[in-house]
Amino acid sequence: MLTGPAKLPPPYRIKVVEPIPFLSADERRLALAEAGHNPFNLRADQITIDLLSDSGTGATSAAQEAAAALGDESYAGARSWFRFRDEVRDLTGYPHILPVHQGRAGERILFSSLLKPGQICISNTHFDTTHANVKLAGAEPRDLPCPEAADLDSDEPFKGNIDLAALERVLTGPEGHRVGLVLVTITNNGLGAQPVSMANLEAVRELCQRHAVPFFLDAARFAENAWLVREREPAYSDWTPRQIATRAFQLADGCVVSLKKDGLTAIGGLIGLRDDELHATCEANLIATEGFSTYGGLAGHDLERLAQGLKEVVDPAYLQSRAASTARLAQMINDAGVDTIQPPGIHALYLNAGRLLPHLAPHEFPGHSLGCQLYLDGGIRCAELGSLYLGGMDDEHRLVTPAPFELVRLAIPRRVYTDAHFEYVASVLADIAKEPERVRGYRIVSSPPLLRHFKVRLEPLAAGPTAGAVA
Ligand SMILES: Cc1ncc(COP(=O)(O)O)c(C=O)c1O
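Residues numbered from 1 in each chain as written. Predicted model: local features only at pLDDT ≥ 70, side-chain atom pairs only at ≥ 80, totals over all residues. Heavy atoms only, no water.

The name recorded for the protein in an unreviewed UniProt entry is Tryptophanase, from Dactylosporangium fulvum. For the protein, the Sequence similarities (unreviewed entry) comment in UniProt is given as "Belongs to the beta-eliminating lyase family." Here the protein is described in UniProt, under the heading Cofactor (unreviewed entry), as follows: "pyridoxal 5'-phosphate". (UniProt positions renumbered as here; feature names shortened; annotations may be inferred.)

Novice: How should I be thinking about the overall build of the protein in this particular structure?
Specialist: Summing up its helical and strand segments, the protein has 17 helices and 16 strands in all. Against the compact-globule benchmark of 23 Å for 471 residues, the protein has a radius of gyration of 22 Å, which places it among compact chains. Each principal axis of the C-alpha distribution contributes one length, and for the protein these read about 60 × 55 × 45 Å. By the burial criterion, 56% of the 471 residues in the protein qualify as buried. Taken as a whole, the protein presents about 19,100 Å² of accessible surface, with 54% of it coming from carbon and sulfur. Across the protein, 45 positive and 58 negative side-chain charges occur, with their mean positions spaced 3 Å apart. (Helix = DSSP H or I, 4+ residues; strand = E, 2+ residues; numbered from the N terminus. Rg over C-alpha atoms; globule rule 2.2 N^0.38 Å. Buried < 20%, exposed > 50% of the residue type's maximum accessible area, 1.4 Å probe, protein only. Areas by Shrake-Rupley, 256 points an atom, 1.4 Å probe, with all protein chains shown as cover. Lys, Arg positive; Asp, Glu negative; His and termini not counted. Charge placed at Lys NZ, Arg CZ, Asp CG, Glu CD.)

Novice: I would appreciate a short explanation of the site of the ligand in the present structure.
Specialist: Around the ligand, the structure places 15 residues, and the nearest of them are Gln 102, Arg 104, Asp 218, Ser 258 and Lys 261. At 2.7 Å from an oxygen atom of the ligand is found a side-chain nitrogen or oxygen belonging to Arg 104. For the ligand, a nitrogen atom lies 2.8 Å from a polar atom in the side chain of Asp 218. Taken by itself the ligand offers 390 Å² of open surface, and the protein chains cover 97% of this. (Near = heavy atom within 4 Å. Polar contact = N/O pair within 3.5 Å; in protein donor to acceptor, adjacent residues only side chain to side chain.)

Next comes the structure, spelled out in structure tokens:
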């Protein structure tokens, strides 16, 4: 498909730039303290390299901005809506498309229309807002990742798969009648950005059809999953990423998509459906809570950017370059002595903070500590995915059940940073890896009841080694 030198440059050049701030070490220390030692509370103008999220943080193209100028802002029946709808129909094959302002609005509308209180929603891994929206619908989110996902270091190609044997056990067991939905997240953001194979999706479809359970995709990174399928699943090596993505959508009964990722836009989302009745219920909810069904909380110019972005994101040259860029960052980080979940995915890298900081116990939040240190030393913002995010706490915010791993996610915005930015990130990490024992732990000061990691406030513990090690 793409030939030429081993390392091809990105298939675009930079036309519009934005300055990034460089604060002094003292300014960063003060900023973090004022943010309650939670990087989510930092101001963007206090950050040098922002790897907190790949969601809505990508650069748009000249073609997208040109399309945006054509945005039709009519309340109903806008031209931009039809352009968006036709593009999505063509990509997904679903007859019913509902636009929403972002993924979680789609989750809320879909789950409240589809799930009944007391039902179970099974996933390879629910993303945090997905988990919360299943619960808000009165249902129980249950994660069944494949066993291979537990080995962070192995090179298994599809660690994002759902555990088919476990899924079948639930469907055929005493709880089978309670399963209201199977939702497979592609790629699996909650577990290392690992892809899901087409073979896995086909088997899920077969199980769901046999047990008459709806099967949906959480397809925020449908194009990146398609690229990794093309690279790692031999039966698909001749397919284009777009063909693979379309095939994945065809296997499911519907989808919910945050378009802030592979839509290549700052905002947007959609629900795709086959079922007429479910569509009617979701549409009524959409109109009451998001906007009329031809804009759903989006402006006409957003719909135009999306229609164009959905074409650009499946370009093999773009996906190849993005995957190679993430892999190069992974290599630099690993060479610096910091382990990441293997094999590297595309939208993010996950640092094994538990292994790097054995002097910190899970209740001292090694992942969060490493994330804070990256900010203190280099102005780099990222997100913890460890006991602070996933651990069970008592009423006094003390950790009762640690997370299985203490990770830090470096999310990679699309078309934003160059290898030079990533060399800087790797060099800051390399310095931390030379003296890991200087990284201090944290304790929680206050915490909200739901989605703790967004608003939690913490304080650093006194310096010095404390309790036991983590694997
Ligand atoms: C897998 C997955 N599902 C759903 C969402 C929620 O999407 P949004 O942030 O657009 O509400 C995200 C966001 O990061 C995600 O990664």
